[in-house]
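Chains, contacts and geometry: an overview
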There are 2 protein chains.
Amino acid sequence: MKEIKASLVGFGVVGHGILEVIKRKQPILRDLDLDLKVVSISDHTGSIMNEAGVDADCVLKDKTLEKVATSSMKGQEAIKAVDSDLVIEVTPTNVVHGQPGLGHMEAALSSGKNLVTSNKGPLVLAFSRLRKLADDNHCQFKYEATVGGTMPLMSLIERTLVGNTIYSIEGIFNGTCNYILTRMAQENISYSHALSEAQDLGYAESDPTYDVEGIDTAGKVVILANAIFGMDAKYSDVKVTGITQVTPEALAMAKKRGYVIKLIGEVPSLTVKPMLVPIESPINVDSTLNSAAIVTDLSGTITVTGLGAGSIETASAILSDIISIYR
Amino acid sequence: MKEIKASLVGFGVVGHGILEVIKRKQPILRDLDLDLKVVSISDHTGSIMNEAGVDADCVLKDKTLEKVATSSMKGQEAIKAVDSDLVIEVTPTNVVHGQPGLGHMEAALSSGKNLVTSNKGPLVLAFSRLRKLADDNHCQFKYEATVGGTMPLMSLIERTLVGNTIYSIEGIFNGTCNYILTRMAQENISYSHALSEAQDLGYAESDPTYDVEGIDTAGKVVILANAIFGMDAKYSDVKVTGITQVTPEALAMAKKRGYVIKLIGEVPSLTVKPMLVPIESPINVDSTLNSAAIVTDLSGTITVTGLGAGSIETASAILSDIISIYR
């Protein structure tokens, strides 16, 4: 049985999901000969640490660690102090300065700890630096959950499509935009009407800029460009148009001709814009689903679709990364 | 550099594709530290053997080995005689008695050789026996190409969705049927009209029974049931209805209500039948494409689509299996 001591950094919805999933999946982990223990959890209020493994039931009932913290250490300090092999970084993302995630990731890798994350910001800003830090310290660095949530993309390309040359990847990488465009087309309603519906349902933030202006999708395009195509792309290299100017009239006209309009991100061309997609195209998926068409030399075009977000779904992608490191 | 000595058994279109792909992908294999040599190729006319690796260019220009064979040994005899670590079995499939593939596979595994195949018949008839033979002899046994051609399914579930419990898999597993149903719906033509079109284009055999009666799809359902769900299913356990009774009228009526009709295989229910699929469903793909929706506990529903057949595409799935064994 291989013992894995994990430090969970970030305890929002994704952090809760991970703790829940690790608890629920102990039998499968044991079948794979893995003894995965969460020995510390940190958030902005402090950390709870236990060498024998934190008691998930005791921690999961609260939204923060405030009541159960056993240490006032946070972030980088806790990452360095705890005796762990693996850091799971799931703090809120920031695409301007990448913090606090970027500091956490650098602390983890420079301490020789493997790193798994769903946090896009640091990867958008500093992928090459993080990759180099991981290689220099002989650490594994996995980030399936940063693009397309539970939709498998990184591991699909690295594992299943290994041997193929990847020519391009295009798809729907933002569930909020997809929900809004789907509802506009279905009900012939305006952008602002569909947006408030999405906000009411919790699919869009009260300030939806990050999603609807294509910033989130552009970040994912940068991650794919750097991780899959070995480019050294920055956010500013991406030509971005959001969905705020899409009208129900345009959607109706597209429909008449057998098309839908979707916000499509594309690599290696580094573009994000509303595009006409044939109705019968495999990347045409509805509601909050994500999709990606991977164009290869040997396997033709492979398309995957799945839920782009969700606490348990994102946790599932993180668990898959963890297993791929230690199996 | 890890040396892999492979015996290729079967030299039809898939065999040619494999030789071509192994030749073309030497740089990627070397990057993965793999020195993959095809040391023997066998077909019904004999075998060509070369410890240093068979010269692909010299062999690829002919349809059989007749002119280049260096030995009259065939099949099982050649598998046992050649000093190889890996057998790639790609002879024509037979779902009644499984031969000659089944004998080849048993010879490979009982000689302690790893086995990769695209040949469905033996797996439909004797999956449990082959799996046990592989385990008893500490051999790897991989068969991604048997279901959905290049569409990743086995490795996606084993690698990327590891940690998930798989509740069900349903999808389009036969490109010939999908082509016929797509054309019937698009052009409002009869089954027999669409069938002859498919035959003209080489998508359907002159005797199309194997495809249109759902036999091929049922075989894939049996393989998925045994490989993914650990069932001990036989072909006779599958309730099968083919597509020959589907009418253009039924397709038109379905379309009016927002549906298409597709030949759907489903596990673990072990059914194959024409079913109504919502137009917007991710498994609704056109032409000769295959698709599969994998319903999981953590990741929700993941859908993959890709080309179900093709020489190079099938070879790509086989190459991916080989790499996953030796990497």
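Remember, it's a predicted structure, so these values are computed and weren't measured experimentally. (Residues numbered from 1 in each chain as written. Chains lettered and ligands numbered in written order. Predicted model: local features only at pLDDT ≥ 70, side-chain atom pairs only at ≥ 80, totals over all residues. Heavy atoms only, no water.)

1. What about the overall build of chain A?
- When helices and strands are counted, chain A shows 13 helices and twelve strands.
- A globule of 327 residues ought to have a C-alpha radius of gyration of about 20 Å, and chain A, at 20 Å, matches this closely.
- Dimensions of chain A, computed from C-alpha atoms along their principal axes, come out at roughly 60 × 45 × 35 Å.
- Residue burial in chain A is summarised as follows: out of 327 residues, 60% are buried.
- Of the contacts made within chain A by residues no fewer than 6 positions apart, 67% connect residues no fewer than 24 positions apart.
- Here chain A has roughly 12800 Å² of accessible surface; of this, 51% comes from carbon and sulfur atoms. (Helix = DSSP H or I, 4+ residues; strand = E, 2+ residues; numbered from the N terminus. Rg over C-alpha atoms; globule rule 2.2 N^0.38 Å. Buried < 20%, exposed > 50% of the residue type's maximum accessible area, 1.4 Å probe, protein only. Contact = heavy atoms within 4.5 Å. Areas by Shrake-Rupley, 256 points an atom, 1.4 Å probe, with all protein chains shown as cover.)

2. Quick look at the relation of the copies chain B and chain A
- Rotating chain B by 180 degrees and moving it 0.0 Å along the rotation axis overlays it on chain A with an RMSD of 0.0 Å. Accordingly, the operation relating the two chain copies is best matched by a two-fold axis. By C-alpha distance to the rotation axis, the residue of chain B lying nearest is valine 304 of chain B, at 2.2 Å.
- Most of the interface of chain B is mirrored in chain A: 100% of its interface residues are interface residues there too. (Least-squares fit on C-alpha atoms with pLDDT ≥ 70 in both.)

3. A closer look at the pattern of salt bridges
Residue and element names in this part refer to chain A.
- Tallied over the entire structure, the rule returns 34 salt bridges over all chains.
- Taking the shortest distance from any N to any O, the salt bridge between aspartate 57 and lysine 23 comes out at 2.7 Å. Remark: lysine 23 occurs in helix H1 (residues 13–24) and aspartate 57 occurs in helix H3 (residues 56–60); sequence separation between them is 34 residues.
- Judged by its relative accessible area of 38%, lysine 23 is partly exposed.
- Among the ionic contacts, a cluster of salt bridges with common partners joins Glu3, Asp35 and Lys37. (Salt bridge = Lys/Arg side-chain N within 4 Å of Asp/Glu carboxyl O.)

4. Considerations on the confidence of the model for chain A
- Per-chain confidence: chain A averages 95 in pLDDT, with 100% of residues scoring 70 or above.
- For this predicted complex, the interface score ipTM comes out at 0.93, while the overall pTM is 0.94. (pLDDT = per-residue confidence, 0-100.)

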